[in-house]
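The chain contents come next:
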Amino acid sequence: MSSLRSEGVAFDLIATSAAAAQIRRRRSRLRNIVFGVIGFLALLLLWKLGVTYLKVPPYIMPAPERVFTALWSGIAVAPSSPLGFYVPLWNTISNALLGFLIGASLGLALGSLMAEFRSVESTLMPYAFALQSLPKIAIAPLIVIWCGFGDGSKVAMAALLAFFPILVNSFAGMRAAEIERIELMQALSATRLQTYYLVKLPSAAPYIFAGLDMGIVYALLGTIVAEFLGAQEGMGVAITKAQAVTDVAGVFAALIVLGVMGIILHLIVRWSERSIIHWADRGKH
Amino acid sequence: MNLAIEAPGVVLAAGHVAASAQVVRNTLIEVQGVVKIYSTVAGESVLALDHVDLNIREREFVCLVGPSGCGKTTLLRLLAGLDHADAGTSSLDGKALNGPSPEVGVVFQQSNLLPWFTVRQNVMLPLRVGGGRRTAEREAAIQQLLEVAGLKGFENKYPYELSGGMQQRAAIVRALARDPKLLLMDEPFGALDALTRERMNAELQRIWMASGKTVVLITHSIDEAIFLGDRVVVMSPRPGRIVRDLQVDLPRPRIATETFGSPTHVRLSREVRALLDG
């Protein structure tokens, strides 16, 4: 009887401590948010005070409320309005994503072939290194000559920039597959293809996702660079247009939109990584 | 000192082994004059196995013990078809062993479960690859094995959700998935704590008695070897040779509390220890 009672007490204690831990977690999350907001407001205040008291002209550094106005005027419009951010943003994002898909697929395919076949590795590695060392943005003018001032150049630049981190990471990830797992497949007389997609590809998945994470940001970068070099549409064009009339607040607003977009894309990759490779970092004991 | 005095008794025991070895069972594995030479990164050649002869009968449980680096694992890898001998022959059921065979199941030091698959996907893996066939009959047999191994209800868990002992049991079920004749185990319980290990030994004995497989198990634990083995084969430090082949005459099923401390256990463990120390 007494043991039963004490068991009940123990369960109560467990429940209580779990609830307490949850409350602590919630509190610390709330605290982080509060600190974040305070920090942001302090930054805005510092910005405003600096611009006002140092008498910085708005064509060098606009006050925060001007940037906010520019941002709002781009957001508070009909999605199809040519004055808003939606049309150029969609143009930039869709081209960046298409380029990213192309670059990522090629990078994964070539990285896999290089990891799987020594002959492919030794043939392609020198070129991969050479191209990797080259500042790839410097190729942009050439790409524009080849693909024109339209979406073609944007997609090509995005693909080119996304390609390398994914190539390198998938190659490294597959080479890092644990020998014991490959030997397991050998002991089971598995074919090369089976070993590839049942062991090597999932082994490389954490590396590949790190590459995708970099690649998506690079793809956005590549698209913007292509737009700078002469395009009719896109956020890069919006920035150069604002720059041409020294609308610095407009440039800031466009940068903020691009920054937020970059963060969203990064979060999408991270989220899919966590749901697809939930076993990573926990597979070993 | 005490061990040296025991030595004459040891010789007697070995003679006794030879007499009782006449059981009417077919030889499943024949290893004859196997030599294995490794070349190190530095370019030196290392003699890992030096003319090893070993015969194992059907349904026999053989434990290999020896100091680290004595070539136990090398011998096991040869039997698993993961390596090739430089000289000598080995055969399974009369057929030469030249590579991986569906008649051989391997349990590695680590459970080596694939972390991206559930327990069920892991144990079914041998039916998915390398000419393994996914028949309803085999699937039912594997389900049965999962239950015997105490993994019922954990089929859809991922390896990281399982304890070390459960992971290793799943690895044993996977090794038995194709219903092989021979089960090779390389220190399967080395990573487990002592208590779990003892429980796993009892469970392995149960699985083995129920399945009627031939087992070759490598271990560092003399007690484990005596508890599990019909025979304890002792290997010498590099170059690996077989120095003694001891019969363990203890009734089955063995129970830890009865086996450990029994005269046979004490005698055998002293003998093995003397060989390993010598």
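Each residue is numbered by its place in its chain's sequence as written, counting from 1. Chain letters start at A and ligand numbers start at 1, both assigned in the order the entries are written. A pLDDT threshold of at least 70 governs which residues receive local features in this predicted model, and a stricter bar of 80 or more applies before side-chain atom pairs are shown or counted, although totals over entire chains, interfaces and linings include all residues.

## Some points on the interface of chain A and chain B
The interface is formed by 19 residues belonging to chain A together with 20 residues belonging to chain B. Broken down by secondary-structure element, the contributors of at least two residues to the side of chain A that touches chain B are α7 (179–187) and α8 (192–228) of chain A. To qualify as a helix, a DSSP run of H or I must reach at least 4 residues; to qualify as a strand, a run of E must reach at least 2; elements of each kind are numbered from the N terminus. In terms of residue count, α7(A) provides more of the side of chain A that touches chain B than any other element does, seven residues in total. Throughout, a pair of residues is in contact if the C-beta atoms placed from their backbones lie within 7 Å.

## Some remarks on the sheet that holds strand β7 (residues 182–186) of chain B
Residues and elements named next belong to chain B. Spatially, six strands are ordered β6-β7-β8-β3-β9-β10 in an open sheet, and the strand pairing comes out mixed. What marks the edges here is a single partner per strand, and that holds for β6 (104–107) and β10 (242–247). On average, each strand axis in the sheet is tilted by 15° relative to the strand beside it, whichever way the strands run. The criterion for strand pairing is that DSSP finds at least two bridges linking the strands in question. Relative to strand β8 (residues 214–218), strand β3 (residues 61–65) is paired through four bridges, and the arrangement is parallel. Bridging across to β8, Leu64 finds its partner in Ile218. With axes taken as lines fitted to C-alpha atoms, and helix axes fitted only over the stretch in contact, angles between N-to-C directions fall between 0 and 180 degrees. Strands β6 and β7 of the sheet are contacted by helix α5 (residues 164–175), whose axis makes an angle of about 165° with β6.

## Describing the domain arrangement of chain A
Note that domain bounds follow an automatic or database assignment of domains. Partitioning chain A into structural domains gives domain 1 (1–55) and domain 2 (73–276). Taking only C-alpha atoms into account, the centre of domain 1 of chain A sits 36 Å from that of domain 2 of chain A.

## Quick word on unusual backbone geometry
Residue and element names in this part refer to chain B. In this structure, Pro239 follows Arg238 across a cis peptide bond, with omega equal to 0°. Structurally, Pro239 can be placed in the loop between β9 (231–235) and β10. In this structure, Pro253 follows Arg252 across a cis peptide bond, with omega equal to -10°. Along the chain, Pro253 turns up in the loop between β10 and α8 (256–259). In this structure, Asp179 takes a positive phi of about 55° despite not being glycine. Turning to its location among the elements, Asp179 is positioned in the loop between α5 and β7.

## Regarding the packing of helix α5 (residues 140–147) of chain A against helix α6 (residues 151–175) of chain A
Residue and element names in this part refer to chain A. Across the interface, α5 lies against α6 with an axial gap of 8 Å and an inter-helix angle of 140°. Judged by the inter-axis angle, α5 sits oblique to α6. Judged by the sense of rotation from one axis to the other, the crossing of α5 with α6 is right-handed. Across the interface between the two elements, Ala140, Ile143, Val144 and Cys147 from α5 touch Gly152, Ser153, Ala156 and Met157 from α6. Any angle that falls under 35 degrees is termed roughly parallel, while one over 145 is termed roughly antiparallel, one within 65 to 115 roughly perpendicular, and all others oblique. Helix crossings fall into two classes, left-handed where the near helix is turned counterclockwise from the far one by less than a right angle and right-handed where it is turned clockwise.

## Looking at the sheet that holds strand β1 (residues 27–39) of chain B
The antiparallel open sheet is built from four strands, whose spatial order is β2-β1-β4-β5 (chain B). Edge positions in the open sheet fall to β2 (45–57) and β5 (95–96) of chain B, since each of these has one partner strand only.

## A short note on the packing of helix α2 (residues 64–75) of chain A against helix α10 (residues 248–276) of chain A
Residue and element names in this part refer to chain A. At a minimum axis separation of 8 Å, α2 and α10 run at an interaxial angle of 65°. Judged by the twist between their axes, the crossing of α2 over α10 is right-handed. Contact residues: Arg66, Val67, Ala70, Leu71 and Gly74 in α2; Ala249, Gly250, Phe252, Ala253 and Ile256 in α10.

## What about the confidence of the model for chain B?
Should the pLDDT be low somewhere, the predicted coordinates at that spot are not to be read in detail. Residues and elements named next belong to chain B. Confidence of the predictor at the level of single residues is captured by pLDDT, which takes values from 0 to 100. Averaged over all residues, the pLDDT of chain B is 86; the fraction at 70 or higher stands at 91%. Mean pLDDT in chain B bottoms out at helix α1 (residues 2–20), which sits at 40, and peaks at β8, which reaches 95. Within the model, pLDDT remains below 50 along residues 1–23, and this stretch shows 16 contacts once partners closer than five positions in the same chain are excluded. Overall fold confidence (pTM) sits at 0.81, and the ipTM for the predicted complex is 0.82.

## Points about the environment of A:Tyr86
All names here are of chain A. Of note, Tyr86 is situated in helix α3 (residues 86–116). Partly exposed residues are those whose C-beta has more than 12 but fewer than 20 other C-beta atoms within 10 Å; 20 or more makes a residue buried and 12 or fewer makes it exposed, with C-beta atoms placed from the backbone. The partly exposed category is assigned to Tyr86, around which 17 C-beta atoms lie within 10 Å. Spatially, the C-alpha atoms of Tyr86 and Gly234 are 9.4 Å apart, while their sequence positions differ by 148 residues.

## Focus: the nonpolar core
For soluble globular proteins, the rule of thumb is that nonpolar side chains tend to be buried together. Only buried Ala, Val, Leu, Ile, Met, Phe, Trp, Tyr and Cys residues enter a nonpolar core, and they are joined through C-beta atoms within 7 Å. Judged by nonpolar contacts, the single largest core of 81 residues is most densely connected at B:Leu79, B:Val173, B:Leu184 and B:Val232. Looking at this core, the element that brings in the most residues is α5(B), giving six residues. Contact partners of B:Leu79, with chain neighbours within four places excluded, come to B:Ile29, B:Ser90, B:Leu97, B:Val104, B:Leu184 and B:Val216. If you look at the next biggest cluster of nonpolar residues, it comprises 50 residues, including A:Phe85, A:Ile93, A:Leu220 and A:Ala253.

## Considerations on α8(A)
Residues and elements named next belong to chain A. Compared with the 54 Å implied by 1.5 Å per residue over 37 residues, the 46 Å span of α8 between its first and last C-alpha is markedly short. What we call the bend at a residue is the angle made by axes fitted to the seven residues finishing there and the seven residues starting there. Considering bend angle alone, the principal kink of α8 is centred on Ala205 and spans about 50°; proline Pro206 follows within four residues of it. Just beyond α8, the residue with positive phi is Gly230, at close to 120°. Multiplying 1.5 Å by the helix residue count minus one yields the expected span of that helix.

## A short note on α5(A)
Residue and element names in this part refer to chain A. All of the buried residues in α5 are Ala140, Ile143 and Val144. The buried residues of α5 occupy one face: seen down the axis, they fall within an arc of 100°. Opposite the packed face of α5, turned more than 90 degrees from it, sit the exposed residues Leu142, Ile145 and Trp146. Looking at the packing, one finds that the buried side of α5 touches α6 and α8. A positive backbone phi angle near 85° is found at Gly148, which sits one or two residues after α5. Of all possible arcs, the one meant is that of the directions from the helix axis to the C-beta atoms.

## Focus: the environment of A:Pro62
Residue and element names in this part refer to chain A. The topology assignment puts Pro62 in the loop between α1 (2–53) and α2. Assessed through the 23 C-beta atoms surrounding it within 10 Å, Pro62 is described here as buried. Among all residues touching Pro62, those that are not within four sequence positions of it are Val67, Val248, Ala249 and Phe252.

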